[in-house]
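Listed below, chain by chain, are the residues.
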Amino acid sequence: MNQVFEFSLTRDAFGRLVMTSILGEVFVGVLPVRSFPITAPNEALALVGPHGEELAWIDQLDTQPESVRTLIAEELAAREFMPEIVKILSVSGFGAPSTWDIETNRGATRLTLRGEEYIRRLAGGGLLITDRYGIQFLIPDLKTLDRQSRQFLDRFL
Amino acid sequence: MNRLSIPNCIEPPLRAGEEALAVLHTDLDERLCFARGRVVVTSARLLAYSPGDQGWRSWALSKDLKLQRRDHAGVASLELQNSQGRLARWRHTLAQQDEAARLVGVFERQSAPRPTGSVDEEIPDGAALEDSLGADEEEQAPPSTWALLRLGRFARPYRTELALGLLLTLATTAATMVPPYLTMPLMDDVLIPYQNGRPIDSGQVQGYLGGLLVAALIAWILGWARTWLLARVSERIGADLRTAAFAHLQSLSLEYFGSKRTGDLIARIGNESDRICVFLSLHLLDFTNDVLMILMTAAILVSIDPKSALVTLVPLPFIAWTIHLVRDRLRHGFEKVDRNWGEINNVLTDTIPGIRVVKAFAQENREIARFRAANDRNLAVNDRVNRVWSLFSPTVTLMTELGLLVVWATGIWQVANDRITVGVLAAFLAYIGRFYIRLDSMSRIVSLTQKAAAGAKRIFDILDHVSSVPDPVNPVACGDQTGRLTGRIQIRGIGFRYGHRAVIRGVDLDIAPGQMIGLVGHSGSGKSTLVNLICRFHDVSEGAILVDGVDIRRYALADYRRNIGLVLQEPFLFFGTIAENIAYGCPQATRAEIVKAARAARAHEFILRLPHGYDSVVGERGQALSGGERQRISIARALLIDPRILILDEATSSVDTTTEIEIQQALENLIRGRTTIAVAHRLSTLRRADRLVVLDRGIVVEEGGHDELMRRDGAYRKLYDAQARQAATEAALEAAAAAAAEPTIAALHQAAHLTGAVLAAASESASIPLAATLNAAPPPSREPVAEEER
């Protein structure tokens, strides 16, 4: 794993990120990956090649030039999908599997919970709920939800 | 399947004669917000409507156009490209994965004319197969919260006993109703006349007292019969429930066990079925008894004096109201308590098997803290339930006391006005006392009922879970009359994902009967997953695995697996004798067969050295045996069932090289004449393989014999060279260490010799010298650095 600290980043016509290292090596289709997406999203990012090999390491995102930051932010925005649950409108039942109609920061949708064990408690009072298709819904802080949503959730915790 | 249906107003603008061949309902927009869109492939065009667009966009199909599918963390994207760049991109969640796969398939077929004689029509489509597989998880209605009533299913076999029990209960209750009734004449006809100067008629008194005694005796006998009968039945219902839950658990897929924690399952099957049993035998009995008693008392009270009866019933609605108030809270509370019990069990089942790690890293205190934390949560939840509960019970008592007060007051007033006699009041008070005691105990049962309901719900959670590897409704007969397959395996474009992580992607493989295939690759490359798919521990997400030309999802699971022998890296021995462990897959095997299998597995001799031979008991995890010995027992186990398909999943990875040689010899016997798939990290163990398949990140990158792959100078060559280098360094280091410890000319000479030989082996491309060096070198099965798959 060769670590490259200096690099430039561009986007090609196919919408892929192209990284050029200080040694002049060109990597097409690199992906930014957060190492701690939940606990420290803006620290410890890696740029990995199309086969998952690490090409560059970014300790702090804000130390990078503006252009790199924008490209990385764009790419992450297009890949990251962890809707935050704003409100739970209704719950089909309190046994598993249970279908919830929810309001998220990305619009209204429906999730199917396969069992209590698909709710993961996060440090700091948050919850991560994985639905049957593997989509992860985040509740950053249980206390910020409204009373009814909390009551629904309480039955599964 | 579609979480979002498309409004009708945006039908694709099809030309005359054009037909939509495949449709993908996208459910995300470019910014990854939930929104509806559609991508349609017709015979000539690709049409798309993206959320927020004014209308449909279309592209004429051509060879230049390419449709690419990708996914990451639950979101998939579909990109349309030509040679110049990206034309469009659509996003959807994995819920639409099947539609997307179909769309891309249709698109490729339409844009590039198919070569004649292609065979992919024969492969059953996942969606088409689903119909024949019956139970689909999706169609499962969520279970109702009336979990306790669902116990009726388990009560049905005992309905005669239950009916008899109910009759006995009725009779017992009636018998206990007699004594207060007799107090009425005793008071009015004997005691009060005596106070007024009339002598006591001893015959009359004897009659009444005799009646009291007989009633008590009858109540005693009936009560005994009833309790015994119903306790018996409920014990059986509890046992049935437990067995049913365990039996169902056995039928669930590995995926289920992967997601559940052992402690939680133990809590559910053990504690909760027991709680339900106790509830049924004691509390439910009490409850029916109470209800009957209350009804009868009420009837008697009304028959004696309707007005006073009405007064006594005053607290009843209040009590009913409080019960209603606390019931839900109590049940949720108890559910939480149960879940917490599961959590406490989880800490135990984590720590006890992992005790060596805990001690080695000196983390006992941390584990204690973890246990205390789980226990504290348990306390907190219990405290909350108890707060509700502790207030509830005295409140009911207070209300009954107040009721009694009202009865006294009205009674005295009525006696004073000569409306009723003292005897009637005494009888009334006697009945009322019982009535309120019953009411009180009934309200206490509320909490126990809710506890049992919470437990029942958690057990039914297991029972309601449908296996993700379902048995087909109409299974195809497996192999010949004796159920034996020939062992031809065809893998057709399979894909598999764990959650949203694709582990196997588009793997094709053909294995002839009796052939041995070696699966090679870095750890995390999907070798073990592929093997799990062949065993049907999981079902493929795409494509199909055919054995003897039939999709394995069409065979009955047990029939199919009977043809598979599995030898794992960590052999699992059950508690029992060695003979029982060898005969695990075939309990009716004779002693001669067991010995024959042990001989072939080279286990016979070491078994004979044990004090009790084949009757030696091996501990929970076979602690008394070495890794190699355990492995040979598990090989004997596989040999005994004489499988057509043999799977060796890193069978020799966890033992040292000397043991490996012994195991290799045992394996030679096992492999002979069977279709074998061997997963191995150490390439030396695959010498006998007819063909090697190199996997990398879930796809087959190389396939062929050892020599051929070495010539190709690709991924296999890299793996091989890396292992050879490692072996060489280790051998050299060892020799050097030996030389340093004993600096004789002989040792130095040996070191130099070994290093030279090893280096020669590393540079050469023959497998035999490598195998020799690997066997000579000490064992550590160091893995190449595993990279996380993206």
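Remember, predicted model here, so these are calculated numbers, not experimental data. (Residues numbered from 1 in each chain as written. Chains lettered and ligands numbered in written order. Predicted model: local features only at pLDDT ≥ 70, side-chain atom pairs only at ≥ 80, totals over all residues.)

Colleague: How should I be thinking about the overall build of chain B in this particular structure?
Modeller: From N to C terminus, chain B includes 23 helices and 19 strands. For chain B, the proportion of its 790 residues judged to be buried stands at 35%. Considering only contacts in chain B between residues 6 or more positions apart, those separated by 24 or more positions represent 75%. (Helix = DSSP H or I, 4+ residues; strand = E, 2+ residues; numbered from the N terminus. Buried ≥ 20, exposed ≤ 12 C-beta atoms within 10 Å, placed from the backbone. Contact = placed C-beta atoms within 7 Å.)

Colleague: So what exactly am I meant to see when it comes to the overall build of chain A here?
Modeller: When you go through chain A residue by residue, the secondary structure sums to two helices and twelve strands. When the 157 residues of chain A are sorted by exposure, 25% land in the buried category. At a minimum sequence separation of 6, the contacts of chain A that also span at least 24 residues come to 24%.

Colleague: Help me out: how do you make sense of unusual backbone geometry in this one?
Modeller: Keep in mind that most residues, glycine aside, have a negative phi and that most peptide bonds are trans. All names here are of chain B. The backbone phi angle of Ala-362 is positive, close to 55°, even though this residue is not glycine. Here the phi dihedral of Arg-602 falls at roughly 55°; this positive angle occurs in a residue that is not glycine. Relative to the assigned elements, Arg-602 resides in the loop between helix H16 (591-600) and helix H17 (604-609). For Arg-602, a count of 20 C-beta atoms within 10 Å corresponds to the buried category.

Colleague: Help me out: how do you make sense of the sheet that holds strand S8 (residues 98-104) of chain A in this one?
Modeller: Strand pairing in a sheet is mediated by backbone hydrogen bonds. Such pairs are either parallel or antiparallel. All names here are of chain A. Read from one edge to the other, the open sheet built from three strands follows the order S7-S8-S9, with strand pairing classed as antiparallel. The two strands at the open ends of the sheet, each matched to only one other strand, are strand S7 (85-91) and strand S9 (107-113). Strand-to-strand twist of the sheet, defined as the mean angle between neighbouring strand axes without regard to direction, takes the value 30°. Sheet analysis places S7 next to S8, joined by five bridges and oriented antiparallel. Looking at the pairing, Ile-85 lines up with Thr-104 of S8. (Pairing = 2+ DSSP bridges. Axes fitted to C-alpha atoms, helices over the stretch in contact; angles between N-to-C directions.)

Colleague: Just checking my understanding: could you explain the packing of H16 of chain B against helix H18 (residues 627-640) of chain B for this structure?
Modeller: Two packed helices can be described by the angle between their axes and the distance between those axes. All names here are of chain B. Running from N to C, H16 and H18 point in directions that differ by 125°, and their axes come no closer than 8 Å. One finds that H16 runs oblique with respect to H18. The handedness of the crossing between H16 and H18 is right-handed. Residues Glu-593, Ile-594, Ala-597, Ala-598 and Ala-600 of H16 pack against Ala-636, Leu-639 and Leu-640 of H18. Here the contact of H16 with H18 is built from residues that sort into seven nonpolar, no polar and one charged. (Parallel < 35°, antiparallel > 145°, perpendicular 65-115°, else oblique. Left-handed = near helix turned anticlockwise from the far one by under 90°. Nonpolar A, V, L, I, M, F, W, Y, C, P; charged D, E, K, R; others polar.)

Colleague: Explanation requested: the nonpolar core in the structure shown.
Modeller: A general tendency of soluble globular proteins is for nonpolar side chains to be buried together. Residues Ile-545, Ala-636 and Ile-647 of chain B are the most contacted members of the largest nonpolar core, which totals 82 residues. Leave out the neighbours within four places in its chain, and Ile-545 of chain B touches Ile-491, Ile-494, Leu-533, Ile-534, Val-540 and Ile-552 of chain B. Residues Ile-129 of chain A together with Leu-24, Val-40 and Ala-95 of chain B belong to the second largest nonpolar core, which totals 34 residues. (Core = buried A, V, L, I, M, F, W, Y, C linked by C-beta atoms within 7 Å.)

Colleague: Is there a simple way to think about the confidence of the model for chain B in this case?
Modeller: Residue and element names in this part refer to chain B. In the predicted model, chain B carries a mean pLDDT of 77, and the fraction of residues at 70 or more is 86%. Of all helices and strands in chain B, the one with the weakest mean pLDDT is helix H23 (residues 767-776) (38), whereas strand S10 (residues 516-520) scores best (89). Counted against residues more than four places away or in other chains, residues 1-9, with its pLDDT under 50, gives eleven contacts. Every residue in residues 754-790 scores below 50 in pLDDT, and together they form 64 contacts with partners more than four places removed in sequence or on other chains. (pLDDT = per-residue confidence, 0-100.)

Colleague: Where do I start with the confidence of the model for chain A in this structure?
Modeller: When pLDDT drops low, the exact placement of atoms in the prediction is not to be read closely. With 96% of its residues at a pLDDT of at least 70, chain A reaches an overall mean of 82. Between the elements of chain A, mean pLDDT differs from a low of 82, seen in strand S10 (residues 119-122) of chain A, to a high of 89, seen in S7 of chain A.

Colleague: I tried to follow the environment of Leu-113 of chain A on my own but got confused; where do I start?
Modeller: Residue and element names in this part refer to chain A. The residue Leu-113 is located in strand S9 in this model. Note on Leu-113: 22 C-beta atoms within 10 Å, which makes it buried. Each C-alpha atom, one on Leu-113 and one on Thr-130, is 7.1 Å from the other, the two residues being 17 residues apart in sequence.

Colleague: Would you take a moment to explain the sheet that holds strand S4 (residues 31-36) of chain A for this structure?
Modeller: Residues and elements named next belong to chain A. Reading across from one edge, S4-S5-S6 is the order of the three strands in this open sheet, with antiparallel pairing throughout. Across the chains shown, the open sheet's two edge strands, defined by having one partner strand only, are S4 and strand S6 (54-60). If you compare each strand with its neighbour and ignore which way they point, the axes differ by 30° on average. In the sheet, strand S5 (residues 40-48) pairs with S6 via five bridges, with the strands oriented antiparallel. Of the residues in S6, the one forming a bridge with Glu-43 is Gln-60.

Colleague: What is the right way to read the pairing of strand S11 (residues 126-130) of chain A from this model?
Modeller: For a regular strand, the rule is simple: side chains alternate between the two faces of the sheet. Residues and elements named next belong to chain A. In terms of strand pairing, S10 meets S11 through four bridges, oriented antiparallel. Counterpart to Arg-121 in the pairing with S11 is Leu-127. Between S10 and S11, which follow one another and run antiparallel, lie three residues, and Gly-124 among them has a positive phi close to 95°. With four bridges connecting them, S11 and strand S12 (residues 136-139) associate as antiparallel partners. The partner of Leu-127 across the bridge, within S12, is Ile-139. Between S11 and S12, which pair antiparallel in sequence order, lie five residues; one of them, Gly-134, sits at a positive phi of approximately 85°.

Colleague: Any chance you could explain the environment of Arg-591 of chain B here in plain terms?
Modeller: Secondary-structure assignment places Arg-591 of chain B in helix H16. With twelve residues separating them along the chain, Arg-591 of chain B and Ala-579 of chain B place their C-alpha atoms 8.0 Å apart.

Colleague: Help me out: how do you make sense of the pairing of S5 of chain A in this one?
Modeller: All names here are of chain A. Bridge count between S4 and S5: five bridges; the pairing is antiparallel. Bridged to Pro-32 within S5 is Leu-47. Hairpin geometry of S4 and S5 is characterised by an intervening segment of three residues between the two adjacent antiparallel strands. The hairpin turn running from S5 into S6, its antiparallel successor, is five residues long, and Gly-52 in that turn takes a positive phi close to 85°.

Colleague: Please explain the packing of helix H4 (residues 159-195) of chain B against helix H5 (residues 202-251) of chain B as it appears in this structure.
Modeller: All names here are of chain B. The N-to-C vectors of H4 and H5 enclose an angle of 160°; their axes lie 8 Å apart at closest approach. Classified by the interaxial angle, the pair formed by H4 and H5 is roughly antiparallel. When the axes of H4 and H5 are compared, the crossing they make is left-handed. Its residues assigned to classes, the contact of H4 with H5 shows 23 nonpolar, seven polar and three charged.

Colleague: Please explain H16 of chain B as it appears in this structure.
Modeller: Each α-helix turn comprises 3.6 residues. Residues three or four places apart therefore point the same way. Residue and element names in this part refer to chain B. Those residues of H16 that fall on the buried side of the exposure criterion are Ile-594, Ala-597, Ala-598 and Ala-600. What you see down the axis of H16 is that its buried residues fit within an arc of 165°, all on one side. H16 presents Arg-591 and Ala-592 as exposed residues on the side facing more than 90 degrees away from its buried surface. The inward-facing, buried residues of H16 contact helix H15 (578-582), H17, H18 and helix H19 (657-671). Arg-602 lies just past H16 and shows a positive phi near 55°. (Arc of directions from axis to C-beta.)

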